[in-house]
Amino acid sequence: MAKRTAVVLGVMVTAGALLAGCGGKVGGDSGGTDAKKLVLIPGVADEPFYISMQCGAEAEAAKLGYKLTTQAPTKFDAGAQTPVLTGVVANKPGGILIAPTHATAMAVPIKQAKDAGIKIIEVDTALEDTSIALSSIASDNKKGGQLAAQTLAKLVGSKGPVLVINTKAGTSTTDARAQGFEEALKAYPEMSSLGVQYNNNEAAQAASIVTATLAAHPDLAGIFATNLSSAEGAATGLRNAGKLGQVKLVGFDASPKQVEDLKAGTVQALIAQDPGGIGAKGVDEAAAALEGKPVTRTIQTDMVAITQADMDANSKYFYKRKC
């Protein structure tokens, strides 16, 4: 009986080992991560840009045989994103696609995810520390800012003072847009920059910035708003001052609300990205990393300037509210 029991136990141990070996888990230094599970952590929940990214990522993951889920913070803030990331790491996915909400503050928690054996892919935004993520996929935001300056110059006849309203200092994407705008503006000697002001990603604060700027500079010719909240707030400020359409407004992104504003003439132009493409490419790079294939460190996607005159032709760039 003792010998028979030992044999049965030996068979059970062997079977258990075989099951563990065939269970789709990544061994070695991966910490037992699930090689077929991916998680997308966008910058904030319920924003059409990130929803569009999620749609592209989900479709690509399904095509490649991966399961992708999305967990998003309720605010675009490192303090809100960190606990979301920590919870995801505890479930040990094979890869994480993340849009860091701060270029430096998110470095430590993302490195902890990397040290847990999880493949890290940056989407949309990036850390200053380039040693943590395997790949970064984003729009060429500096070129997007340059395109915004060129577009606004056409709208204002290349004359007059202009203002940049940015979201939060330290957000890699919007900082690059502002930088590109300021650099491209130098090509227009009759246009002057009133600098960059930050609205802390709050539309009401952007409206207040516009109100104060108009009081100090009633000849304000144009505004470049680097993201959704900046554009919505700027439009409110112009509406309150009776300056809609008179002061030209160029927004970034093509969310449903912004597209409506473009149709209505509240915004004169939009610089649209391809978030679905960013999500799909993020999945491609995560899959490559998990399968031991070459990974591209930096991938930049194109953008387009959309005005009322050509919005129908560019409708494929409009963002989604749901997949």
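Residues numbered from 1 in each chain as written. Predicted model: local features only at pLDDT ≥ 70, side-chain atom pairs only at ≥ 80, totals over all residues. Heavy atoms only, no water.

Undergrad: What is the right way to read the packing of helix H3 (residues 78-90) against helix H4 (residues 107-115) from this model?
TA: Between two packed helices, both the angle of their axes relative to each other and the distance between the axes serve to describe the pair. Remark: H3 packs on H4, axes separated minimally by 10 Å, with the N-to-C direction vectors making an angle of 5°. For the element pair H3 / H4, the angle class is roughly parallel. Listed contacts from H4 to Thr82, Leu85 and Val89 of H3 are Pro109, Ile110 and Ala113. Classifying every residue of the contact of H3 with H4 by side-chain character gives five nonpolar, one polar and no charged. (Axes fitted to C-alpha atoms, helices over the stretch in contact; angles between N-to-C directions. Helix = DSSP H or I, 4+ residues; strand = E, 2+ residues; numbered from the N terminus. Parallel < 35°, antiparallel > 145°, perpendicular 65-115°, else oblique. Contact = heavy atoms within 4.5 Å. Nonpolar A, V, L, I, M, F, W, Y, C, P; charged D, E, K, R; others polar.)

Undergrad: Any chance you could explain the state of the cysteines here in plain terms?
TA: Evaluation of the coordinates by the stated rule reveals one disulfide. Here Cys55 connects covalently by a disulfide to Cys323, the sulfurs 2.0 Å from one another. In this structure, the disulfide formed by Cys55 and Cys323 twists by about -105° around the S-S bond and is classed as left-handed. Note that Cys55 is positioned in helix H2 (residues 48-64) and Cys323 in the segment after strand E12 (304-307), a separation of 268 residues in sequence. (Disulfide = S-S within 2.5 Å.)

Undergrad: Could you clarify how one ought to interpret the pairing of strand E7 (residues 191-198) in this entry?
TA: The two faces of a sheet get side chains in turn, since along a regular strand they alternate between them. Of the pairings in the sheet, the one linking strand E6 (residues 160-166) to E7 comprises six bridges and is parallel in character. The residue of E7 that forms the bridge with Pro161 is Ser192. A crossover connection joins E6 to the parallel E7 through helix H6 (residues 172-185); in handedness this β-α-β unit is right-handed. (Pairing = 2+ DSSP bridges. Right-handed = clockwise from strand over helix to strand, strands pointing away.)

Undergrad: I tried to follow the pairing of strand E9 (residues 248-252) on my own but got confused; where do I start?
TA: Within E9, four of the five residues are buried, which leaves the element mostly enclosed by the surrounding structure. Taken together, the three bridges between strand E8 (residues 222-225) and E9 define a ladder with parallel strand orientation. For Gly222, the partnering residue across the bridge sits in E9 and is Lys248. Regarding topology, helix H8 (residues 228-240) serves as the crossover connection from E8 to the parallel E9, and that connection is right-handed. In the classification by handedness, the crossover that spans E9, the intervening helix H9 (residues 256-264) and the parallel strand E10 (residues 269-272) is right-handed. (Buried < 20%, exposed > 50% of the residue type's maximum accessible area, 1.4 Å probe, protein only.)

Undergrad: I'm lost on the sheet that holds strand E2 (residues 67-70) in this one. Help?
TA: Adjacent strands of a sheet pair through backbone hydrogen bonds, lying either parallel or antiparallel. Strand order in the open sheet made by the six strands is E2-E1-E3-E4-E5-E11, with parallel pairing throughout. Looking along the sheet, the strands with just one partner apiece sit at the ends: E2 and strand E11 (298-301). The sheet shows a mean angle of 20° between the axes of neighbouring strands, taken without regard to direction. By the bridge criterion, five bridges tie strand E1 (residues 34-41) to strand E3 (residues 93-98) in an arrangement that is parallel. Bridging from a neighbouring strand, Asp34 pairs with Pro93 of E3. Its contacts with the sheet place H3 against E1 and E3, and it is angled at close to 160° to E3.

Undergrad: Would you mind showing me how to read the environment of Asn227 here?
TA: With respect to the helices, strands and loops of the structure, Asn227 is situated in the loop between E8 and H8. Other than its neighbours up to four places away in sequence, Asn227 contacts Thr167, Thr174, Arg177, Asn201 and Phe252. There is a polar contact of 2.8 Å between the side chain of Asn227 and the side chain of Asn201. Only 3.4 Å separates the side chain of Asn227 from the side chain of Ser229, close enough to count as a polar contact. (Polar contact = N/O pair within 3.5 Å; in protein donor to acceptor, adjacent residues only side chain to side chain.)

Undergrad: Could you clarify how one ought to interpret the packing of helix H5 (residues 141-155) against H6 in this entry?
TA: Between H5 and H6, the least distance of the axes is 6 Å, while the angle of their chain directions is 45°. By the angle between their directions, the pair H5 and H6 is classed as oblique. Considering only the axes of H5 and H6, their crossing is right-handed. Residues Asn141, Lys142, Gly145, Gln146, Ala148, Ala149 and Leu152 of H5 lie in contact with H6, whose contacting residues are Thr173, Ala176, Arg177, Gln179, Gly180, Phe181, Glu183, Ala184 and Leu185. Here the contact of H5 with H6 is built from residues that sort into seven nonpolar, six polar and three charged. (Left-handed = near helix turned anticlockwise from the far one by under 90°.)

Undergrad: Could you clarify how one ought to interpret the side chain of Asn141 in this entry?
TA: Along the chain, Asn141 falls in helix H5. When its relative accessible area of 5% is taken as the criterion, Asn141 is described as buried. A distance of 2.7 Å separates polar atoms of two side chains, one belonging to Asn141 and the other to Arg177. With residues near it in sequence (within four places) discarded, Asn141 still touches Asp124, Thr173, Ala176, Arg177, Phe252, Gln273 and Met303.

Undergrad: Hey, could you run me through the packing of aromatic side chains in this one?
TA: Geometry of an aromatic ring pair is reported as the spacing of the ring centres plus the angle between the planes. Counted under the stated rule, the structure contains four aromatic pairs. Taking 5.6 Å as the distance between ring centres and 65° as the angle between the ring planes, the aromatic pair formed by Phe49 and Tyr319 counts as edge-to-face. Placement of Phe49 in helix H2 and of Tyr319 in the segment after E12 is noted, with a sequence separation of 270 residues between them. Seen in terms of ring centroids, Phe224 and Phe252 are 6.2 Å apart; in terms of plane orientation they differ by 55°. Their pairing is tilted. Of the two residues, Phe224 is situated in strand E8 and Phe252 in strand E9; the sequence distance between them amounts to 28 residues. A cation over an aromatic ring shows up here: Arg177 above the ring of Phe252, its NZ or CZ 3.9 Å from the ring centre. (Phe/Tyr/Trp six-rings, centres within 6.5 Å; stacked < 30°, edge-to-face > 60°. Lys NZ or Arg CZ within 6 Å of the ring centre and 35° of its normal.)

Undergrad: Can you walk me through the sheet that holds E7 in this structure?
TA: With mixed pairing, six strands are arranged side by side in an open sheet as E7-E6-E8-E9-E10-E12. Every other strand in the sheet has two partners, leaving E7 and E12 as the edge strands with one partner each. Strand-to-strand twist of the sheet, defined as the mean angle between neighbouring strand axes without regard to direction, takes the value 20°.

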